[in-house]
Structure formats: structure tokens, C-alpha cells
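# Summary of structural features
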2 protein chains.
Amino acid sequence: MQKEHNLSKNQKIIFDLIDKSGEPMKAYSILFNVQKKGIKAPLQVYRALDKLVEIGKIHKIESRNAFIACQNSSCQVSKATAFSICESCENVSEISNSKLSKYLSNFSDDSGMKYSKYNLEFFGLCKRCKSK
Amino acid sequence: MQKEHNLSKNQKIIFDLIDKSGEPMKAYSILFNVQKKGIKAPLQVYRALDKLVEIGKIHKIESRNAFIACQNSSCQVSKATAFSICESCENVSEISNSKLSKYLSNFSDDSGMKYSKYNLEFFGLCKRCKSK
DNA sequence: TTATAAATGTTATATTATTACATAACGTTA
DNA sequence: TAACGTTATGTAATAATATAACATTTATAA
């Protein structure tokens, strides 16, 4: 069961922008795009991004300092994320593979550490770029 | 077989510092620490870091913007990296688990994408922090 | 030795992210 | 509804991370 989060005004503006773009967006590009809606300062953007990440509506692509809308409807929380990133065209997509997520969520080693979260980024060339 | 890389002067200074510290170091902290050795500008640090990452002597912890020496002697290149990160004390260690690396190196999905590299970061509480 | 690539030095600047402080809106419950 | 705590907002300043551009030097190898 998925908790319904009522997004605040700024959160909604910023989520809609990222969601519509369909690709990773950088914070200052988001800022530029929402200035006409009254969001003027970086902090307003970062606060909304923090909250959206926290509730799992978006994810941060760490290697790119960019944010993408969650493409996985059943993903409440950003606890287990995996992405494929094309190093040529920079296309990013979320991997939802239940075997992979099961494998990683259950992973443990001899360090005695309990893993509660992971983020995985795969790199390579996408179909289109490979065939060039 | 491991290729021997002859590090340049700056690369050696910076690698030695990171290696001795045994923990992730941030670029500007590195800069501060090597100023007495004549390295004065951020770019000098970033160039050495780039090279060291490229040849696999260090890895970047993407979620922390920090760099750690490779703890795995057989790791020539940063193609397949996995780390465990304690969210309380920020201790980071490299996971070298052949099952895991085999699983991820061979991972493929239906996207038609050929993955040549990955980076995985696990988060949780380390033994010490858990018992507090 | 010569030419080519790799590394260095230096200045300036771009990009990403947070601190600090003040105010407003929202949700609960007395 | 009044009072309270929590969450969100607004604004300015600044900190932290990273790169561009250009000149020069050092190492490598043909």
C-alpha cells in the first residue's frame, strides 16, 4: 500500500517539471525553469528536491548530480535504486528488475553491517549509441 | 596481470595522502593537506584525482564527493566498484565479494544495453554505530 | 633529436549546495 | 477556535565542489 503524499506548492511545481521532462534534470536548470512560477532561489529548489527524494517521487543520479522522476510506480521510498546510464548520450533509465533488487536487498557480507539502502549505477552505451 | 603505472609527482603526493588516510577524502581537504608540498590550486588536485581514478588507484564515492584508495590489490581499473557506507559515522569500505561482482558484471536486462561498468553504494549502520 | 603526448602551473570562473534567519501555512487537539 | 507544534516558504549571503582557458615544462617513443 502506497502512502499518499500531498505535495506542497513548490514540491508540486518541481515534481511536475521533472516528471514531464522524462530525463535527469540538474538543480539549477530546474531553478531556471521554475522562475516564472515564482521560485527564485536555489534553496527553494533544493528543499523541494530533498523532500521529493525522501518520499521516493524522484531519485538523485549521484554520478551526474541530477534528479529524475521515479519510473517505478510501486517505489514508495528511495531505498533500492538502480539505473542504467549511457556514457555517450547521457540517457538514464531506472532499472526495475525484481531479481536484481531481491539479490541486492538481501545482500550481506561478513562486515556485520546491516544494509538498509543501496544505489546502483550501471554505465555503458545504449542501443542507439552503440550502433553508431 | 597488473599494469605498472608510474605516477607523476603530483599524482604520487596525492595518492600517498589518500592511501595513508585510509578513509574517503574530499578534494579541498586534499588540497589543504598538500599545500606544503607545493600543490596550490584545485585544478592540480582534480587532475591528479582524475588520473588516479582512471587507472584504478582510487575510487570516487559518488554520494559523498570523496575519494578513497583502492583497497583491493587486484583492482586494475574502476570498472566494478561496491562500497558500504555507514550513515552514522560515515565510515566507508570497499566490498570485494566475487559473487557480487560476478553477478553484477554479468547483469543484463532487456534494454539492449551493454554494461561495461558499475558502481554500487550500500548504506546502513556499521557494527559500532548499530550497538550504540 | 624531434615531435608528440602527458603533466604542470596559474588565474579566473562556473556549478552545486548549505547556513542563517524571518515568516507563513497547515494539522492537531484541547 | 485558539493555541501549539510541525512543515513549508522567502530571502540574502556564502560555502563547497569542479572546470575552462591558456602558457609552459617534462616524459616517451619514433
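Residues numbered from 1 in each chain as written. Chains lettered and ligands numbered in written order. Predicted model: local features only at pLDDT ≥ 70, side-chain atom pairs only at ≥ 80, totals over all residues. Heavy atoms only, no water.

Another aspect to go through is the nonpolar core. Ranked by size, the top nonpolar core spans 26 residues in total, and within it Leu100(A), Leu120(A), Phe122(A), Leu100(B), Leu120(B) and Phe122(B) carry the most contacts. Secondary structure elements with two or more residues in this core: strand S3 (80-86), helix H4 (98-105) and strand S5 (114-125) of chain A together with strand S3 (80-86), helix H4 (98-105) and strand S5 (114-125) of chain B. (Core = buried A, V, L, I, M, F, W, Y, C linked by side-chain atoms within 4.5 Å. Buried < 20%, exposed > 50% of the residue type's maximum accessible area, 1.4 Å probe, protein only. Helix = DSSP H or I, 4+ residues; strand = E, 2+ residues; numbered from the N terminus.)

Residue and element names in this part refer to chain A. The alternating pattern of strand S2 (residues 66-69) places Ala66 and Ile68 and Phe67 and Ala69 on opposite faces, both of which are buried. Pairing analysis gives four bridges linking strand S1 (residues 58-61) to S2, with the strands arranged antiparallel. Counted as the bridge partner of isoleucine 61 is alanine 66 from S2. From the end of S1 to the start of S2, which pair antiparallel, there are four residues, and asparagine 65 there has a positive phi angle of about 45°. (Pairing = 2+ DSSP bridges.)

This brings us to the domain arrangement of chain A. Residues and elements named next belong to chain A. Considered domain by domain, chain A is made up of domain 1 (9-69) and domain 2 (80-130). Look at where the C-alpha atoms of domain 1 and domain 2 centre, and you get two points 22 Å apart. The interface of domain 1 with domain 2 comprises nine residues on the first partner and 10 residues on the second. A buried area of about 720 Å², summed over both sides, lies between domain 1 and domain 2, and 56% of it is on carbon and sulfur atoms. Contact with domain 2 buries surface across domain 1, with His59, Ile61 and Arg64 losing the most and accounting together for 58% of the total. Our count for the contact surface shared by domain 1 and domain 2 stands at one salt bridge. A salt bridge links arginine 64 to glutamate 90; its shortest N-O distance comes to 2.6 Å. At the boundary of domain 1 and domain 2, one finds four residue pairs in polar contact (both at pLDDT 80 or more). Breaking the side of domain 1 that touches domain 2 down by element, the ones donating at least two residues are S1 and S2. At three residues, S1 tops the list of elements feeding residues into the side of domain 1 that touches domain 2. Here the side of domain 1 that touches domain 2 is composed, by residue class, of four nonpolar, two polar and three charged. (Domains from an automatic or database assignment. Contact = heavy atoms within 4.5 Å. Buried area = accessible area lost by both parts, 1.4 Å probe. Salt bridge = Lys/Arg side-chain N within 4 Å of Asp/Glu carboxyl O. Polar contact = N/O pair within 3.5 Å; in protein donor to acceptor, adjacent residues only side chain to side chain. Nonpolar A, V, L, I, M, F, W, Y, C, P; charged D, E, K, R; others polar.)

The interface is formed by 32 residues belonging to chain A together with 32 residues belonging to chain B. Here chain A packs against chain B, burying approximately 2800 Å² in sum over the two surfaces, 62% of which is carbon and sulfur. For the pair chain A and chain B, the interface holds two salt bridges. As a salt-bridge pair, Glu87(A) and Lys117(B) come within 3.2 Å of each other at their nearest N and O atoms. Applying the counting rule to chain A against chain B returns 10 residue pairs in polar contact (both at pLDDT 80 or more). Secondary structure elements with two or more residues in the side of chain A that touches chain B: S3, H4, S5 and helix H5 (127-130) of chain A. The element best represented in the side of chain A that touches chain B is S5(A), accounting for 12 residues. Taken together, the residues that form the side of chain A that touches chain B break down as 15 nonpolar, eight polar and nine charged.

Close to DNA strand D lie 16 residues, the nearest being Ser8(A), Gln44(A), Arg47(A), Lys26(B) and Leu43(B). Within 4 Å of the protein, the contacting atoms of DNA strand D are 45% sugar and phosphate, with bases supplying the remainder. At a separation of 2.5 Å, a phosphate oxygen of DNA strand D approaches a polar side-chain atom of Gln44(A). Between a phosphate oxygen of DNA strand D and a side-chain N or O atom of Lys26(B), the distance comes to 2.5 Å. Class assignment of the residues belonging to the surface near DNA strand D gives a composition of five nonpolar, five polar and six charged. (Near = heavy atom within 4 Å.)

Residue and element names in this part refer to chain A. The grouping of Tyr28, Leu43 and Tyr46 at the surface amounts to a nonpolar patch, some 320 Å² of accessible area in total. Relative to the elements of secondary structure, tyrosine 46 occurs in helix H3 (residues 42-54). By relative accessible area, which is 35% here, tyrosine 46 ends up partly exposed. (Patch = residues over 30% accessible without salt bridge, like charges linked within 9 Å, V, L, I, M, F, W, Y side chains within 5 Å. Areas by Shrake-Rupley, 256 points an atom, 1.4 Å probe, with all protein chains shown as cover.)

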